[in-house]
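Reading the structure
These are the residues of each chain, in order.
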Amino acid sequence: MNTASSNRLCLITGANSGIGQVTARELARQGMDIIMVCRNGQKGEQARQEIMAASRTKKVDLLLCDLSDFLSVRKLAEEVNRRYDHLDVLINNAGLIAGKYSASPQGVETTFATNHLGPFLLTNLLLGLLRKGREPRVVSVSSEAHRFARFDLDDLVAPKKFSPIRAYGNSKLANILFASELARQVSAGGITSNSLHPGAVKTSFGADNNGVFALLFGLARPLMLTAEQGAETTVFLASSPEVNGKTGLYFDRKKPKTPNADARSDYFAKELWEMSRRITRL
Ligand SMILES: NC(=O)c1ccc[n+]([C@@H]2O[C@H](COP(=O)([O-])OP(=O)(O)OC[C@H]3O[C@@H](n4cnc5c(N)ncnc54)[C@H](OP(=O)(O)O)[C@@H]3O)[C@@H](O)[C@H]2O)c1
């Protein structure tokens, strides 16, 4: 892909499905060049065709990565740094709720590895490119489910007793803490960092789960937002001039919202950052 383009360049994870796919399509329609990051080449290529059809610039790249695997994240970051000379927008969108306990290749509980540690590592490895971007923005897709968190820093990597909703809530709380700590750390470089709740959205999210979560999600489905509606706040934070210079905030329906007390804790934000740095060997 031509890196000398004057279009804005956006990298988005989980761009083959749900909120991520619609976000990528909308930003491509607005005229951004897109780097889609997906873990499955076939699903990624199918989505790329659809995003390409909507794209104004016809620049839609596809790179593969399993965000739960630090080696895969490092390979992705190397490839992005090799192919591109700047990045304007990074959207950490990919995420899952694991129905039962499993561990990543490095032995970290999968939800925490995929939803927090992978994006933490990727973002840090792309900061150099972001610093060369124009009005660079990092957008982290969190959730109101952060309110279900019981945050114990010693119990995130290998929880003693696994609960899907607790693990997911903890990871989404981590997204808000990460976004606000990143905002503090990179403010001098002009990069902004915000997080958001997309709403309760009808996607394939949690489709392979059973138990209470699947039951509640199934019952709520008729009342849930479409993926198009669910992508609105992400698209807004990635592209609207209204949020120029706004940083360290959590948004819901395109408006800043106060997350819970743990998500506003400087202690948690700093400790989580240090812990994530150690585990990912940043
Ligand atoms: N849907 C909701 O109601 C809701 C509410 C609040 C927050 N969210 C958040 O919104 C974000 C997008 O979710 P969605 O609803 O659009 O769900 P989705 O349709 O299931 O999309 C999730 C995306 O993440 C990707 N992904 C999962 N694990 C990955 C990994 N290890 N490496 C790379 N990519 C991975 C998936 O890839 P595959 O297709 O290969 O699995 C998929 O592209 C998530 O962060 C979720 O936590 C969703």
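Everything below is about the structure shown above.
In this report, the structure presented in the accompanying data block is examined. (Residues numbered from 1 in each chain as written. Predicted model: local features only at pLDDT ≥ 70, side-chain atom pairs only at ≥ 80, totals over all residues.)

Remarks on the overall build of the protein
In terms of regular secondary structure, the protein is built from ten helices and eight strands. In summary, the protein has a C-alpha radius of gyration of 17 Å against a globular reference of 19 Å for 282 residues, a match within 12%. Along the first, second and third principal axes, the C-alpha atoms of the protein reach 50 × 40 × 35 Å. The 282 residues of the protein split such that 47% are buried. In the protein, 75% of the contacts between residues at least 6 apart in sequence involve partners at least 24 apart. (Helix = DSSP H or I, 4+ residues; strand = E, 2+ residues; numbered from the N terminus. Rg over C-alpha atoms; globule rule 2.2 N^0.38 Å. Buried ≥ 20, exposed ≤ 12 C-beta atoms within 10 Å, placed from the backbone. Contact = placed C-beta atoms within 7 Å.)

A closer look at the packing of helix H1 (residues 18–30) against helix H2 (residues 41–54)
Close contact between H1 and H2 brings their axes to 8 Å; oriented N to C, the two are set at 30°. By the angle between their directions, the pair H1 and H2 is classed as roughly parallel. Pair H1 / H2 crosses with right-handed handedness. Where H1 approaches H2, its residues Gln21, Ala24, Arg25, Ala28 and Arg29 are matched on the opposing element by Ala47, Glu50, Ile51 and Ala54. (Axes fitted to C-alpha atoms, helices over the stretch in contact; angles between N-to-C directions. Parallel < 35°, antiparallel > 145°, perpendicular 65-115°, else oblique. Left-handed = near helix turned anticlockwise from the far one by under 90°.)

Overview of the nonpolar core
Of all hydrophobic cores here, the largest spans 75 residues; its most connected members are Cys10, Ile12, Ile34, Met36, Val37 and Leu177. The residues touching valine 37, leaving out its near neighbours within four places in the chain, are Leu11, Ile12, Thr13, Ala15, Leu63, Cys65 and Leu76. (Core = buried A, V, L, I, M, F, W, Y, C linked by C-beta atoms within 7 Å.)

Focus: the site of the ligand
In the vicinity of the ligand, 29 residues are found, and the nearest of them are Gly14, Gly18, Ala94, Gly95 and Phe205. The leading source of residues in the shell around the ligand is H1, at three residues. When its residues are assigned to classes, the shell around the ligand shows eleven nonpolar, 15 polar and three charged. (Near = placed C-beta within 6 Å. Nonpolar A, V, L, I, M, F, W, Y, C, P; charged D, E, K, R; others polar.)

Quick notes on H2
In an α-helix, one turn spans 3.6 residues; hence positions three or four apart end up facing the same way. Taking 1.5 Å per residue as the helical rise, H2 with its 14 residues ought to reach 20 Å, and the 20 Å between its terminal C-alpha atoms agrees with that figure. Of all the positions in H2, only Ala47, Arg48 and Ile51 are classed as buried. One side of H2 holds all its buried residues, which, seen down the axis, span an arc of 115°. Turned more than 90 degrees away from the buried face of H2 sit Gln42, Gln49 and Ala53, all of them exposed. Elements that come into contact with the buried residues of H2 comprise H1, strand E2 (33–38) and strand E3 (60–64). (Expected span 1.5 Å × (residues − 1). Arc of directions from axis to C-beta.)

Things to note about the sheet that holds strand E5 (residues 137–141)
Here eight strands make up an open sheet; going across it, the order is E3-E2-E1-E4-E5-E6-E7-E8 and the pairing mixed. At either margin of the open sheet sits one strand with a lone partner, and together these are E3 and strand E8 (255–256). Both strand E1 (residues 9–13) and strand E4 (residues 89–92) contribute to a ladder of three bridges, which runs parallel. Bridge pairing in E4 links cysteine 10 to valine 89. (Pairing = 2+ DSSP bridges.)

What about the pairing of E3?
Both E2 and E3 contribute to a ladder of five bridges, which runs parallel. Directly across from isoleucine 34, in E3, lies its bridge partner valine 60.

Thoughts on the packing of helix H4 (residues 110–125) against helix H10 (residues 266–280)
Contact pair H4 / H10: the axes reach a minimum separation of 10 Å and the direction vectors enclose 80°. Relative to H10, the element H4 lies roughly perpendicular. Contacts between H4 and H10 involve Leu117, Phe120 and Leu121 on the former and, on the latter, Ser276, Ile279 and Thr280. Class assignment for the residues of the contact of H4 with H10 results in four nonpolar, two polar and no charged.

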